[in-house]
Amino acid sequence: MSPKPLRKVVIPVAGLGTRVLPATKSIPKELLPVVDRPLIDYVAEEARRAGLADLVLVTGRGKGAIEDYFDHAFELEEALKGKQKNEILNDVLATVPTAGTVTYTRQQAPLGLGHAVWCAREIVGDEPFAIALPDEISAGAPGLLSELAEAYAEVGGNIIAVEEVPNEETSKYGVISPKGRRGDLIEIDGMVEKPKPADAPSNFRIIGRYVLQPEIFELLETQERGAGGEIQLTDSMMTLTDRQPFHARICATGIHDCGSKLGWLKANVDMALKRDDVGPGLTDFLKSV
Ligand code: G1P
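Residues numbered from 1 in each chain as written. Predicted model: local features only at pLDDT ≥ 70, side-chain atom pairs only at ≥ 80, totals over all residues. Heavy atoms only, no water.

Engineer: I'm lost on the pairing of strand β10 (residues 185-193) in this one. Help?
Structural biologist: As paired strands, strand β9 (residues 174-182) and β10 are joined by eight bridges and run antiparallel to one another. Looking across to β10, one finds that Arg182 is bridged to Leu185. Between β9 and β10, which pair antiparallel in sequence order, lie two residues; one of them, Gly183, sits at a positive phi of approximately 60 degrees. As paired strands, β10 and strand β12 (residues 246-250) are joined by three bridges and run antiparallel to one another. Residue Glu187 lies in a different strand from β12, and its bridge partner there is His247. (Pairing = 2+ DSSP bridges. Helix = DSSP H or I, 4+ residues; strand = E, 2+ residues; numbered from the N terminus.)

Put into structure tokens, the structure is as follows:
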């Protein structure tokens, strides 16, 4: 029997962006540009490519500009039409999703990723869903969500994206405990949030892309605070590994962590180098510095 289709992706966007302040003092970090598109736009495109038609944004205070980004900008569009700047107009229009495919709910207090995901429970309902953390963007094809959707079609259950990191970096991430491995699919029997290198069960860290079954919501409902005093998604997923099939997919798509200053800079350089319009000019510039 093929697994229940995936339609929705939950995108938590309530975070404060503390690692890139003061840039994020008055703009949501999800709207920081990489070349000429905001981070959230890369994630929306990644979701579309993976066949996830419905975006569920868990937003918060001061994040209203994200909703404006996914809507028509009437005056701007009219002004561009008047000036016959059709190419730019088309780029602007392409950011507007089909009506009704983006839903918003608000996380009213910064209680952690687990709490943010739990806030989406009524919108997601009783079906499997994906999660994408917009700090991290796919550096190329096929895209992290496409890889997860492909693995999900094969094995069903719960699947998270992972990559190998140096041992000393485990304390920055969720880390899985692998049980068995077949190609790039790892069977998981546990995971831990931000372990010290000496306590890490492996050096496969969790990337911000997940496919989960709706039973996760019941676990999040009563989840106690964990690492950093926050309600951690990793802790509830850990409990779910005892009850349901749980896999990790070692992703081939490169990743940029734009939640850090250096990661965001690298993303800009890498994405710009891949483009025909600005890539050659940037290559010349980089040779000259
Ligand atoms: C979150 C998750 C962590 C994961 C990381 C990926 O941590 O809790 O398990 O490895 O995202 O970006 P955060 O970056 O919110 O501290």
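Engineer: Just checking my understanding: could you explain the site of the ligand for this structure?
Structural biologist: Around the ligand, the surrounding shell holds 13 residues, and the nearest of these are Glu136, Gly174, Glu193, Lys194 and Ile206. A distance of 2.7 Å separates an oxygen atom of the ligand from a polar side-chain atom of Glu193. Contact distances for the ligand include 3.4 Å between an oxygen atom and a side-chain N or O atom of Thr234. In isolation the ligand offers 380 Å² of accessible surface; the protein chains occlude 78% of this area. Broken down by element, the shell around the ligand gets its largest block of residues, four residues, from strand β11 (residues 204-212). (Near = heavy atom within 4 Å. Polar contact = N/O pair within 3.5 Å; in protein donor to acceptor, adjacent residues only side chain to side chain. Areas by Shrake-Rupley, 256 points an atom, 1.4 Å probe, with all protein chains shown as cover.)

Engineer: So what exactly am I meant to see when it comes to the nonpolar core here?
Structural biologist: A general feature of soluble globular proteins is that nonpolar side chains tend to end up buried together. Ranked by internal contacts, the top residues of the largest apolar core, which has 40 residues, are Val9 and Leu57. Among the secondary structure elements, those contributing two or more residues to this core are β1 (8-12), α1 (39-49), β4 (54-59), β6 (129-132), α7 (144-155), β8 (158-164), β11 and α10 (261-273). Setting aside its immediate chain neighbours within four residues, Leu57 contacts Ile11, Val13, Ile40, Ile66, Phe70, Val102, Thr103, Tyr104 and Thr105. One finds Val117, Phe129, Ile188 and Met237 within the second-largest nonpolar core, a separate group that totals 32 residues. (Core = buried A, V, L, I, M, F, W, Y, C linked by side-chain atoms within 4.5 Å. Buried < 20%, exposed > 50% of the residue type's maximum accessible area, 1.4 Å probe, protein only. Contact = heavy atoms within 4.5 Å.)

Engineer: How do you make sense of the pairing of β8 when you look at a structure like this?
Structural biologist: Successive residues of a regular strand alternate their side chains across the two faces of the sheet. Most of β8 sits out of view: five of its seven residues are buried. Note: β8 against β12, five bridges, orientation parallel. The residue bridging Ile160 from the neighbouring strand is Ala248, located in β12. As defined by bridge partners, β8 adjoins β11 across five bridges and the pair is classed as antiparallel. Residue pairing in the sheet places Glu164 in a bridge with Phe204 of β11.

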